[in-house]
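Next come the chains, spelled out residue by residue.
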Amino acid sequence: MPIIVNLDVMLARRKMRSRELAERIGITEQNVSLLKSGKVRGVRFDTLARICETLGCQPGDILEYVPGPEEEAD
């Protein structure tokens, strides 16, 4: 998938654990884990906003678009 989730990088930069983020934004630690691994099909804007507020970052710091071979061929 061409969208890379850099949530683990932002958590490391802020010296925060997944559990703490989950508690602060009101989702389960399991859902944070799924987000970190990129195994989700989408994320709600309000959840993304709470993550950004808590980590003091922008959505572009967490989500990155990297075209794959099929996108580059177009």
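Computed from a predicted model, the values in this text were never measured in an experiment.

> Is there a simple way to think about the overall build of the protein chain in this case?
When helices and strands are counted, the protein chain shows six helices and two strands. Secondary structure elements of the protein chain, listed N to C terminal, follow the sequence β-α-α-α-α-α-β-α. Principal-axis analysis of the C-alpha atoms gives the protein chain an extent of 40 × 20 × 20 Å. Residues counted as buried form 30% of the 74 residues belonging to the protein chain. Sequence-distant contacts, at least 24 apart, represent 63% of the contacts inside the protein chain between residues at least 6 apart. On the protein chain, roughly 5,300 Å² of surface is accessible, and the fraction owed to carbon and sulfur atoms is 50%. When the 11 basic and 12 acidic side-chain charges of the protein chain are each reduced to a single mean position, those positions are 9 Å apart.

> Even after reading the chapter, I still don't get the nonpolar core, so can you show me in this structure?
Across soluble globular proteins, nonpolar side chains show a tendency to be buried alongside one another. Residues Leu-7, Leu-21, Ile-51, Leu-55 and Ile-62 are the most contacted members of the largest nonpolar core, which totals 17 residues. Looking at this core, the elements that each hand over two or more residues are helix H1 (7-13), helix H2 (18-25), helix H3 (29-37) and helix H4 (45-55). With four residues, H4 is the largest single contributor of residues to this core. The residues touching Leu-21, leaving out its near neighbours within four places in the chain, are Leu-7, Leu-11, Met-16, Val-32, Thr-54 and Leu-55.

> Which parts of the structure should I look at to understand the environment of Gln-30?
You can see Gln-30 is positioned in helix H3. A relative accessible area of 53% places Gln-30 in the exposed class. Measuring from C-alpha to C-alpha, the distance between Gln-30 and Gly-56 comes to 22 Å, with 26 residues separating the pair along the chain.

> Any chance you could explain the packing of H2 against H4 here in plain terms?
For any two helices packed against each other, one specifies the inter-axial angle together with the distance between the axes. Put simply, H2 and H4 touch, their axes get as near as 10 Å, and they point 120° apart. Taken together, H2 and H4 sit at an angle that is classed as oblique. Where H2 crosses over H4, the two elements pack in a sense that is right-handed. Across the interface between the two elements, Leu-21, Arg-24 and Ile-25 of H2 pack against Arg-50, Ile-51, Thr-54 and Leu-55 of H4. Of the residues in the contact of H2 with H4, the class split is four nonpolar, one polar and two charged.

Conventions used here
- Residues numbered from 1 in each chain as written.
- Predicted model: local features only at pLDDT ≥ 70, side-chain atom pairs only at ≥ 80, totals over all residues.
- Heavy atoms only, no water.
- Helix = DSSP H or I, 4+ residues; strand = E, 2+ residues; numbered from the N terminus.
- Buried < 20%, exposed > 50% of the residue type's maximum accessible area, 1.4 Å probe, protein only.
- Contact = heavy atoms within 4.5 Å.
- Areas by Shrake-Rupley, 256 points an atom, 1.4 Å probe, with all protein chains shown as cover.
- Lys, Arg positive; Asp, Glu negative; His and termini not counted.
- Charge placed at Lys NZ, Arg CZ, Asp CG, Glu CD.
- Core = buried A, V, L, I, M, F, W, Y, C linked by side-chain atoms within 4.5 Å.
- Axes fitted to C-alpha atoms, helices over the stretch in contact; angles between N-to-C directions.
- Parallel < 35°, antiparallel > 145°, perpendicular 65-115°, else oblique.
- Left-handed = near helix turned anticlockwise from the far one by under 90°.
- Nonpolar A, V, L, I, M, F, W, Y, C, P; charged D, E, K, R; others polar.

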